[in-house]
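The chain contents come next:
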Amino acid sequence: MAQRFPASYYVERLLAHDRLGLSRAITLIESTLPSDRELAEEIIQQVLPFSGSSVRVGITGVPGVGKSTFIEAFGTHVTSDLNKKLAVLAVDPTSQRTGGSILGDKTRMENLAGNKMAYIRPSPAGRSLGGVTRSTRESIILCEAAGFKVIFIETVGVGQSETAVNEMTDFFLLLMLAGAGDELQGIKKGIMEMADAVVITKADGPNMQKARVARAEYQNALHLFPHSESGWIPKVSVCSAVENTGIREIWEMLESYVSLTKNGTYFEQKRQRQNLHWLHETIRQHLLDRFFARQDVKTQLPELEKQVESGQKWAFAAAAELLKNSE
Ligand SMILES: Nc1nc2c(ncn2[C@@H]2O[C@H](COP(=O)(O)OP(=O)(O)OP(=O)(O)O)[C@@H](O)[C@H]2O)c(=O)[nH]1
Ligand SMILES: [Mg+2]
């Protein structure tokens, strides 16, 4: 088993903004061992009062859209031009690529990876979506306690992980390609609806014109969605991470969102709602895990599944049969 320290060690190191301490604390919260969980929860509880003061930004888009290159350029702007400490985390439950997509392509983030103002942490490998989201959610708190003022959470735009990332961030950025075909490139309407901004990537060279057209199209598409109670109207921007154009404007947009929502109560209320979401989500997940781990469920379920499939038994009756034992 990996080396463990008393809770006070992690708390002190985090509050001293020590990177090694942060890495060790994240490794601990990624563990599923019951003794580690207890220690992890104690640490999080203690640093909670020192968390919350960052801007949490979700970044998503289909594979190849340019997320890593964008994070490198955008992150360099945040750390080098704005002098803000940045943490980059990921929710990537599918990732088997050398322990996570972020480090897998370290070459695309060369600058950030070697930057003292930036901290990059890949998604824990080989875990379920529920496991990865819990770790990332807790890592946000640890990074904030360790003095990070901006947090990017990257995810791949292909499934449920966007919803989870949307539930842990203040601002949600969707990266899109221009002219890569309709159907919004397999991005589901629900994901578009979550976006606070759509960023059209690779707006350089021969792509420039297409990017401008796409911008107008997406702006129209976003207008059709119901307006958010925040009063924010989702924006579309274009950028080139390679030529470093449009990057500064995206940060300015983010700042105008933050000042708009902090001007009233929306910013804080959204975070409170998210906390409640994680409370309920954790309870739901725990009950589900316990239910499916039960011996009687494990033995009876396969047989009931067959009967339901063949029409011998009614689905609700079969479910009731299993559930009545837990009441
Ligand atoms: N011309 C141009 N190419 C870009 C730009 N950004 C990224 N690319 C290229 O697009 C390809 C994919 O970029 P990545 O940053 O790896 O994309 P990704 O979304 O992280 O991809 P996955 O990690 O596979 O999901 C690479 O070949 C990049 O060099 C850009 O601004 N302009
Ligand atoms: Mg990538």
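The present account deals with the structure reproduced in this document. None of the values given here were measured: they were computed from a predicted structure.

**As for the layout of surface pockets**
Next, step 1: What the largest pocket holds in volume is close to 1200 Å³.
Next, step 2: Residue assignment for the lining of the largest pocket shows that the elements contributing at least two residues are α3 (34-47), α7 (129-145), α8 (161-166) and α12 (266-293).
Next, step 3: No other element matches α12, which puts 12 residues into the lining of the largest pocket.
Next, step 4: For the lining of the largest pocket, a count of residues per class yields eight nonpolar, 15 polar and 12 charged.
Next, step 5: Surrounding the second largest pocket, 22 residues form its lining, E193, M194, D196, S228 and Y266 being those nearest its centre.
Next, step 6: Elements with a contribution of two residues or more to the lining of the second largest pocket: α9 (189-194), α10 (208-223) and α12.
Next, step 7: At four residues, α12 tops the list of elements feeding residues into the lining of the second largest pocket.
Next, step 8: Partitioning the lining of the second largest pocket into residue classes produces 11 nonpolar, six polar and five charged.

**Overview of the side chain of S237**
Next, step 1: Mapped onto the secondary structure, S237 falls in strand β7 (residues 235-238).
Next, step 2: Judged by its relative accessible area of 10%, S237 is buried.

**Brief notes about the side chain of E72**
Next, step 1: By secondary structure assignment, the location of E72 is in helix α4 (residues 67-81).
Next, step 2: Polar contacts involving the side chain of E72 include one to the main-chain amide nitrogen of E110, which spans 3.5 Å.
Next, step 3: In this structure E72 touches R108, M109, E110, N111 and L112, once residues within four positions along its chain are discounted.

**Section: the pattern of salt bridges**
Next, step 1: Within this structure, the stated rule accounts for 13 salt bridges.
Next, step 2: As a salt-bridge pair, R134 and E138 come within 3.6 Å of each other at their nearest N and O atoms. Pair noted here: R134 and E138 are both in helix α7, with a separation of four residues, about one helical turn.
Next, step 3: A relative accessible area of 24% places R134 in the partly exposed class.
Next, step 4: By relative accessible area, which is 12% here, E138 ends up buried.
Next, step 5: The salt bridge partner of E321 is K313, with a shortest N-O separation of 3.2 Å.
Next, step 6: For K313, a relative accessible area of 25% translates into the label partly exposed.

**What to know about the site of ligand 1**
Next, step 1: Looking at ligand 1, there are 16 residues lining it, with K67, S68, T69, K202 and D204 nearest.
Next, step 2: Within the contact set of ligand 1, an oxygen atom lies 3.4 Å away from a backbone nitrogen or oxygen of V65.
Next, step 3: Contact with the protein chains covers 75% of the free accessible surface of ligand 1, which is 650 Å².
Next, step 4: Taken together, the residues that form the shell around ligand 1 break down as five nonpolar, five polar and six charged.

**Side note on the sheet that holds strand β2 (residues 86-91)**
Next, step 1: Taken in spatial order, the seven strands make up an open sheet running β3-β2-β4-β1-β5-β6-β7, and their pairing is parallel. Where the open sheet ends on each side, the last strands, each with one partner, are β3 (118-120) and β7. Direction aside, neighbouring strands of the sheet carry axes that sit 20 degrees apart on average.
Next, step 2: Note that strand β6 (residues 197-200) and β7 share four bridges and pair parallel. The partner of A197 across the bridge, within β7, is K235.
Next, step 3: Relative to β2, α7 is tilted by about 170 degrees, and along the sheet it contacts β1 (55-61), β2 and β4 (150-156).

What counts, and where the lines are drawn
Residues numbered from 1 in each chain as written. Chains lettered and ligands numbered in written order. Predicted model: local features only at pLDDT ≥ 70, side-chain atom pairs only at ≥ 80, totals over all residues. Heavy atoms only, no water. 1 Å grid on protein atoms, 1.4 Å probe; cavity = no way out; pocket = protein on both sides within 12 Å on 5 of 7 lines; lining within 4 Å. Points joined across faces, edges and corners; volume = space filled by probe spheres on them. Helix = DSSP H or I, 4+ residues; strand = E, 2+ residues; numbered from the N terminus. Nonpolar A, V, L, I, M, F, W, Y, C, P; charged D, E, K, R; others polar. Buried < 20%, exposed > 50% of the residue type's maximum accessible area, 1.4 Å probe, protein only. Polar contact = N/O pair within 3.5 Å; in protein donor to acceptor, adjacent residues only side chain to side chain. Contact = heavy atoms within 4.5 Å. Salt bridge = Lys/Arg side-chain N within 4 Å of Asp/Glu carboxyl O. Near = heavy atom within 4 Å. Areas by Shrake-Rupley, 256 points an atom, 1.4 Å probe, with all protein chains shown as cover. Pairing = 2+ DSSP bridges. Axes fitted to C-alpha atoms, helices over the stretch in contact; angles between N-to-C directions.

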